[in-house]
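Examining the three-dimensional arrangement
Here is how the chains run, residue by residue.
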Amino acid sequence: MGALSTTTPVDAVAWIELLDRDAQVRQTLPVAHWPLRIGRALDNDLALGDPHLAPHHLSIEQGDAGLTLVVADTVNGVQLGNRRLRRGEQAALPADGDAIEFGAGRTRLRLRLPGQALAPELAIAPATSLKRRVAPVVTVALALLASVLFVSYLANDPDTFGRAAGSTLLGVVVGIALWCGAWAMLSKLFTRQAHFGWHLRVALFAALTLMALDALPPLIAFAFSWPWVTDFSFVAEIVVASAALYFHLLAVEPARHRVLKWAAATCALVGVGLTLWFNVQRSDMFGDELYMSHLFPPALRVAKPISTDALVNSLAPLKATLDRKAKEAGSDESMHGEED
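In what follows, the accompanying structure is described. Predicted, not measured: the structure shown is a model, and the values here were computed from it.

Quick notes on the rules
Residues numbered from 1 in each chain as written. Predicted model: local features only at pLDDT ≥ 70, side-chain atom pairs only at ≥ 80, totals over all residues. Heavy atoms only, no water. Helix = DSSP H or I, 4+ residues; strand = E, 2+ residues; numbered from the N terminus. Contact = heavy atoms within 4.5 Å. Axes fitted to C-alpha atoms, helices over the stretch in contact; angles between N-to-C directions. Nonpolar A, V, L, I, M, F, W, Y, C, P; charged D, E, K, R; others polar. Pairing = 2+ DSSP bridges. Expected span 1.5 Å × (residues − 1). Buried < 20%, exposed > 50% of the residue type's maximum accessible area, 1.4 Å probe, protein only. Salt bridge = Lys/Arg side-chain N within 4 Å of Asp/Glu carboxyl O.

**Points about the side chain of Ser152**
Structurally, Ser152 can be placed in helix H1 (residues 130–155). If we skip the residues at most four places from it in the chain, Ser152 touches Phe161, Ala164, Ala165 and Thr168.

**Thoughts on the packing of helix H2 (residues 158–191) against helix H5 (residues 233–252)**
For the pair H2 and H5, interaxial distance at closest approach is 8 Å and the crossing angle is 35°. The residues of H5 that touch H2, namely those facing Trp179, Trp183, Leu186, Ser187, Phe190 and Thr191, are Leu245, His248, Leu249, Ala251 and Val252. Looking at the contact of H2 with H5 residue by residue, the class counts come to 8 nonpolar, 3 polar and no charged.

**Here we look at the sheet that holds strand S9 (residues 90–92)**
Taken in spatial order, the 5 strands make up an open sheet running S4-S3-S5-S6-S9, and their pairing is mixed. For this open sheet the edge positions go to strand S4 (46–47) and S9, each flanked by a neighbour on one side alone. Bridge count for strand S3 (residues 36–39) against S4 is 2 bridges, and the pairing is parallel. Residue pairing for S4: Gly39 is matched across the bridge by Ala47.

**So, helix H6 (residues 257–283)**
If you check H6, its first and last C-alpha atoms are 39 Å apart, about what 27 residues at 1.5 Å a residue would give, namely 39 Å. Among all positions in H6, only Leu260, Ala264, Ala268, Gly271, Val272, Asn279 and Ser283 are buried. If you follow the buried residues of H6, they end up packed against H5. Taken from the residues just after H6, Asp284 is the one with a positive phi, measuring 60°.

**Re the pattern of salt bridges**
Here the structure, examined in full by the defined rule, presents 7 salt bridges. Between Arg37 and Asp45 there is a salt bridge; the shortest N-O distance is 3.3 Å. Accessibility expressed as a relative area gives 40% for Arg37, which makes it partly exposed. Its salt-bridge partner being Asp288, residue Arg282 comes within 3.7 Å of it at the nearest N-O pair. For Asp288, a relative accessible area of 31% translates into the label partly exposed.

Structure, rendered in structure tokens:
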């Protein structure tokens, strides 16, 4: 009789669980005794149809020091946590703590032992009314549309405001619908659920936050005389975009949240690095703006004004730089004249 048994769980020494790609249990089988042999051949205790498995891929054996996972004659090895075990290698398995997950081929398995602690019970989310579920989304959507209308009002003349506002609102609605629809199709492909509502919430919150980041930094820079706030506001925008990407991907790969966090962080770092590099190439400055281009009512100023003499003195160091730039420009013009 093999190690896997159809006996009741009371007679089992362990349980082996087959997990799907979302880390949900697809099948649970009791282990009657050790060793437990896993592979593609039919004489294994657990025979799997995964073509990336060897006929005899691995075994879990009981020794004096406890359980040991032994890798048999296989090319792909076994993934045990962050460690890849190759052919002939073995690793001791803890008898306590959490359940032990490992990968063999394209198959994910979890070994549960009697001495291991169980995860706490998950509470069932109470059923909420349609109003409570839809109200936050509607509120954020209305706030976003109001912000778009206000920006369009500031950017257009009264005669053209109606037409511009209509086209802008239509573009925003269609763009968000297409964006969320694409993510919903991707989620449906990988998780068999569209999660359209989730993607819609992520897109709305991200869009509203980005609009706030576009409006608030210039106001803060003007009020407190902090030009660096608007110079480097792109850092916050890239972070928000990366966070939105993380939450979108979380609905596609819910079991890989740690990998997704690293991917989002990498995107943020790469985005900030490239923007800094492009800024230096464009203006020899790391900041995004050469000067503060937004002027607000003087009543919004919090910083104390400076005198005219102090302003002139603060501009004195620019003289050497401007002279050098003028000299370089003159040299370039003279060289082009000689070539002609």
